Amino acid sequence: MNMTSKQRVQNALNHSTPDRIPVDFGATSVTGIHCKVVEALRQHYGLDPHPVRVIEPFQMLGEIEEDLQEIMGIDCVPVFGRKDMFDIDETQLHEQVTPWGQKVMIASGIDLTTDKEGDVYIYAGGDRSYPPSAIMPSGCYFINATERQEYVDDEAITPEDNLEEFGPVSDEDLQYYKKTVEQAAATGKAVVASFGGTALGDIAFVPGMGLKNPKGIRNVAEWYMSTAMRRDYVQTVFEKQTDIAIANYQRLWDTVGEKVDVVFTCGTDFGTQDSQFCSLDTFRELWLPHYKRMNDWIHEHTTWKVFKHTCGAILPILPGLVEAGFDIINPVQINAKDMDPVVLKKEYGNQVTFWGGGIDTQRILPNATPEEVRSHVLQECEILGKDGGFIFNAVHNIQANAPVRNVVAMIETLRELRNQ
């Protein structure tokens, strides 16, 4: 029986075997493709040439339009917020030329013009009367936060300082989500919503790139130290943030309901290439109660599946993520220490869905031959795709300089697999 994209994804999420392996590229900020590669793919497949829209400017991810979705066999579509992580309105676009010479459509509040050093600066809310909150350094293909940390006075800081960017979802945003969810659901594909405001300690958000004058702990190193040195402070931030998130989820559920299939709640990384940022005991103490409270609410009050992103060697943390109630783990970094897909599938394949792990983007995609890419994709699909519980995606976003011939080899291998 041929399934719809939505049915295919739902089958995989429920650990049933779908008619073919579901595919996602572009449904989240961690499963996308750099705009440079999107343009190259459009050229390769002879699609209408026009500037690619940048749908996530921090990582310069490109929109995968319906014509390219069809070729790639994509089963998921995104719902993002009205504003990006720089607090810039994404509904207003203008054409810009990137430092590498590509014409793109990007939010009007972002100017990609370089300074005399070749750098591009981004300003919170597009407001240039404050210092820049981010920079695309010369020769780089994505954006980095600029740290604007003031001296941390432990007598003066309050958890509210690190909660400035979190608050009740506005009526305007609810109406925006209602409209965009309805449009996404009308495609017949699985709808993946990134409502925001739920990432507990995600280091990408700690510097407060959407805030003009951020207070609190906004330095990456200081934040990591605070998880040990100021644990009560961090606990309070997480507790209050979770209160806000659950209240927002109630209003969002009332507005969009079961038209959304998956919610991307948190991208906090717990793994490095060969270790973890914390022990399982620390995870259980600091993150687990808040994750569990949020996930339990979602499972008790909605039909949504919960998507958790964490890079790295997370095998020791996986029991805690399962206990926390996450349905989906991404990006499945199969090239990190002890992240053997055979072990992952055997030990956790019936407890979580692996969303990613379909191709190694650190070693295989940039460096292998197309034949090696094909062999690798077939192997990963055979291991992770057995008995459902797998959505094909790369290990994190496909980067700007990935050879197009290898991305095409991945796509064509998937097409071959899915048409068997």
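Scroll up for the structure.
Computed from a prediction, not measured in an experiment: that's the story for all the values here.

The rules behind these values
Here, residues in each chain are numbered from 1, in the same order as that chain's written sequence. Given that this is a predicted model, residues contribute local features only at a pLDDT of at least 70 and side-chain atom pairs are listed and counted only at 80 or more, while totals for whole chains, interfaces and linings are drawn from all residues. Side-chain calculation: all heavy atoms of the structure are included, whereas hydrogens and water are not. An axis is simply a line fitted to the C-alpha atoms; with a helix, the fit covers only the stretch in contact. Between two such axes, the angle follows the N-to-C directions and lies from 0 to 180 degrees. Numbering of helices and strands starts at the N terminus; helices are DSSP runs of H or I of at least 4 residues and strands are runs of E of at least 2. Here roughly perpendicular refers to angles of 65 to 115 degrees, roughly parallel to angles under 35, roughly antiparallel to angles over 145, and oblique to all remaining angles. In this analysis, two residues are considered to be in contact whenever any of their non-hydrogen atoms come within 4.5 Å of each other. For this scheme, ten residues count as nonpolar: Ala, Val, Leu, Ile, Met, Phe, Trp, Tyr, Cys and Pro. Four count as charged, namely Asp, Glu, Lys and Arg, and the remainder, Gly too, count as polar. Here the term buried applies to any residue with accessible area under 20% of the maximum for its type, exposed to any over 50%, and partly exposed to those in between, with areas from a 1.4 Å probe on protein chains only. What the arc describes is the spread of directions from the helix axis to the C-beta atoms. The term polar contact refers here to a pair of N or O atoms within 3.5 Å; inside protein, the definition further demands a hydrogen-donor-capable atom paired with an acceptor-capable atom, and it admits residues adjacent in sequence only when both atoms are side-chain atoms. The criterion for an aromatic pair is that two Phe, Tyr or Trp rings (for Trp, the six-membered ring) have centres within 6.5 Å, with stacked assigned to planes under 30 degrees apart, edge-to-face to planes over 60 apart and tilted to the rest. Whenever a carboxyl oxygen of Asp or Glu lies within 4 Å of a side-chain nitrogen of Lys or Arg, that contact is scored as a salt bridge. Residues grouped as a nonpolar core are buried Ala, Val, Leu, Ile, Met, Phe, Trp, Tyr and Cys residues, joined through side-chain atoms within 4.5 Å. Computed over the protein atoms alone on a 1 Å grid, cavities are sets of points where a 1.4 Å probe fits but cannot get out and pockets are open sets with protein on both sides within 12 Å along at least five of seven lines; a residue lines them when it has an atom within 4 Å of a point. Grid points are joined across faces, edges and corners, and a volume is the space filled by probe spheres set on the points. By definition, two strands form a pair when at least two bridges between them are found by DSSP. By convention, the crossing between two helices is left-handed when the near helix turns anticlockwise from the far helix through less than a right angle, and right-handed when the turn is clockwise.

Asker: Sorry if this is basic, but what is going on with the packing of helix α6 (residues 231–256) against helix α8 (residues 288–301) here?
Answerer: Helix-helix packing is described using two parameters, namely the angle between the two axes and the distance between the axes. The geometry of α6 relative to α8 is characterised by a closest axis approach of 9 Å and an angle of 10° between their N-to-C directions. Between α6 and α8, the angle is such that the two are roughly parallel. For the pair α6 and α8, the contacting residues are Gln235, Phe238, Glu239, Thr242, Asp243, Ala245, Ile246, Tyr249, Gln250 and Trp253 in the first and His290, Arg293, Met294, Trp297, Ile298 and His301 in the second. Across the contact of α6 with α8, the residue classes break down as 8 nonpolar, 5 polar and 3 charged.

Asker: How should I be thinking about helix α10 (residues 341–348) in this particular structure?
Answerer: Because an α-helix packs 3.6 residues into every turn, residues spaced three or four apart end up facing the same way. Regarding α10, the residues found buried are Pro341, Leu344, Lys345 and Tyr348. Buried residues of α10, viewed axially, fall in a sector of 105°; they line one side. For α10, the side-chain oxygen to backbone nitrogen distance between the N-cap and Val342 is 2.9 Å, and the N-cap itself is Asp340.

Asker: Looking at this structure, how should I read the packing of aromatic side chains?
Answerer: Two aromatic rings are characterised by how far apart their centres lie and by the angle between their planes. Counting across every chain of the model gives 20 aromatic pairs. Geometrically, the ring pair formed by Phe238 and Trp287 is tilted, given 5.8 Å between the ring centres and 40° between the ring planes. Taken together, the residues span a long stretch of sequence, with Phe238 in helix α6 and Trp287 in the loop between α7 (280–286) and α8 at a distance of 49 residues. For the pair shown, Phe238 and Trp287 are each scored as buried. One aromatic cluster in this structure is built from Trp223, Phe238, Phe270, Phe283, Trp287, Tyr291 and Phe326.

Asker: Before we go on, may I ask you to explain the side chain of Thr268 in this structure?
Answerer: With respect to the element layout, Thr268 can be found in the loop between β10 (262–266) and α7. Here Leu200 takes part through its backbone oxygen, which lies 2.7 Å from a polar atom of the side chain of Thr268. With residues up to four places along the chain from it excluded, the contact list for Thr268 reads Leu200, Gly201, Asp202, Trp287, Tyr291, Lys308, His309 and Thr310.

Asker: I keep staring at the pattern of salt bridges and nothing clicks. Help me out?
Answerer: Close approach of charged atoms allows side chains of opposite charge to pair. Taken as a whole and assessed by the stated rule, the structure comprises 25 salt bridges. The closest approach of N and O atoms between Arg82 and Glu172, which form a salt bridge, is 3.5 Å. With a gap of 90 residues between them, Arg82 in the loop between β3 (76–79) and β4 (93–97) and Glu172 in helix α4 (residues 171–185) connect regions that are remote in the sequence. Among the ionic pairs, Arg230 bridges to Asp154, the shortest N-O distance being 2.6 Å. Residue Arg230 is found in the loop between α5 (220–229) and α6, and its partner Asp154 is found in the loop between β8 (144–145) and α4; the two are separated by 76 residues along the sequence. Given the relative accessible area of 9%, Arg230 is considered buried.

Asker: Mind showing me how you'd approach the nonpolar core here?
Answerer: Proteins that are soluble and globular tend to have nonpolar side chains buried together. Of all hydrophobic cores here, the largest spans 114 residues; its most connected members are Phe25, Phe195, Trp304, Phe392, Ile398 and Met410. Among residues more than four places away in sequence, those in contact with Met410 are Phe25, Ile359, Val373, Val377, Phe392 and Ile398. By size, the runner-up hydrophobic cluster in this structure holds 14 residues, among which are Ala12, Val30, Phe264 and Trp355.

Asker: What's the story with empty space enclosed by the protein in this structure? I'm lost.
Answerer: Where empty space is left becomes clear once a probe the size of a water molecule has been rolled over the atoms. As enumerated under the stated definition, the model contains 2 cavities of 30 Å³ or more in all. The computed volume of the largest cavity comes to approximately 110 Å³. In terms of lining residues, the largest cavity is bounded by 13 residues, among which Asn162, Glu165, Phe166, Gly201 and Val206 are the most central. The biggest single contributor to the lining of the largest cavity is α6, with 3 residues. For the lining of the largest cavity, the class distribution of residues is 7 nonpolar, 3 polar and 3 charged. Considering only enclosed or pocket space, the second largest cavity measures out at about 80 Å³ in volume. Around the second largest cavity, the lining residues are Gly201, Trp223, Tyr224, Thr227, Thr268, Asp269, Phe270, Phe277, Cys278 and Trp287. The residue makeup of the lining of the second largest cavity, split by class, is 6 nonpolar, 3 polar and 1 charged.

Asker: Any chance you could explain the sheet that holds β3 here in plain terms?
Answerer: Sheet strands associate in pairs through backbone hydrogen bonding, adopting either a parallel or an antiparallel arrangement. Spatial ordering of the open sheet is given by β3-β9-β10-β11-β12-β13-β14, a layout of 7 strands whose pairing is parallel. Strand pairing shows two members of the sheet lacking a second neighbour, β3 and β14 (390–391), which therefore form its edges. Judged from the 2 bridges that link them, strand β9 (residues 190–193) and β10 form a sheet pairing that is parallel. The partner of Ala193 across the bridge, within β10, is Val263.

Asker: So what exactly am I meant to see when it comes to the layout of surface pockets here?
Answerer: In this structure, the second largest pocket occupies an estimated 220 Å³ of space. In terms of lining, the second largest pocket is formed by 14 residues, of which the most central are Arg20, Glu70, Gly73, Ile74 and Arg418. Broken down by class, the residue content of the lining of the second largest pocket amounts to 3 nonpolar, 4 polar and 7 charged.

Asker: How should I be thinking about the pairing of β4 in this particular structure?
Answerer: Two faces, one strand: in a regular strand the side chains alternate between the faces of the sheet. Note that β4 and strand β5 (residues 103–107) share 5 bridges and pair antiparallel. Across the sheet, the residue bridging to Glu95 is Met105, located in β5. In textbook terms, the turn of a hairpin is the stretch between consecutive antiparallel strands, and for β4 and β5 this stretch comprises 5 residues, one of which, Gly101, has a positive phi near 90°.

Asker: Any chance you could explain the sheet that holds β5 here in plain terms?
Answerer: In space, the 4 strands of this open sheet follow the order β2-β1-β5-β4, with mixed pairing throughout. Two strands in the sheet have a free side with no partner beyond their single neighbour: β2 (61–62) and β4. Sheet analysis places strand β1 (residues 52–56) next to β5, joined by 2 bridges and oriented parallel. Of the residues in β5, the one forming a bridge with Arg53 is Met105. Of the strands in this sheet, β1, β2 and β5 are in contact with helix α2 (residues 35–44), which crosses β1 at around 145°.

Asker: Mind showing me how you'd approach the packing of helix α12 (residues 370–384) against helix α13 (residues 404–418) here?
Answerer: Where α12 contacts α13, the two axes come as close as 9 Å, and the packing angle between them is 45°. The orientation of α12 with respect to α13, classified from their angle, is oblique. Along this stretch, α12 crosses α13, giving a crossing that reads as right-handed. Residue-level inspection shows Pro370, Val373, Arg374, Val377, Leu378 and Cys381 of α12 in contact with α13, the latter providing Arg405, Asn406, Ala409, Met410, Thr413, Leu414, Glu416 and Leu417. A per-class count over the contact of α12 with α13 returns 9 nonpolar, 2 polar and 3 charged.

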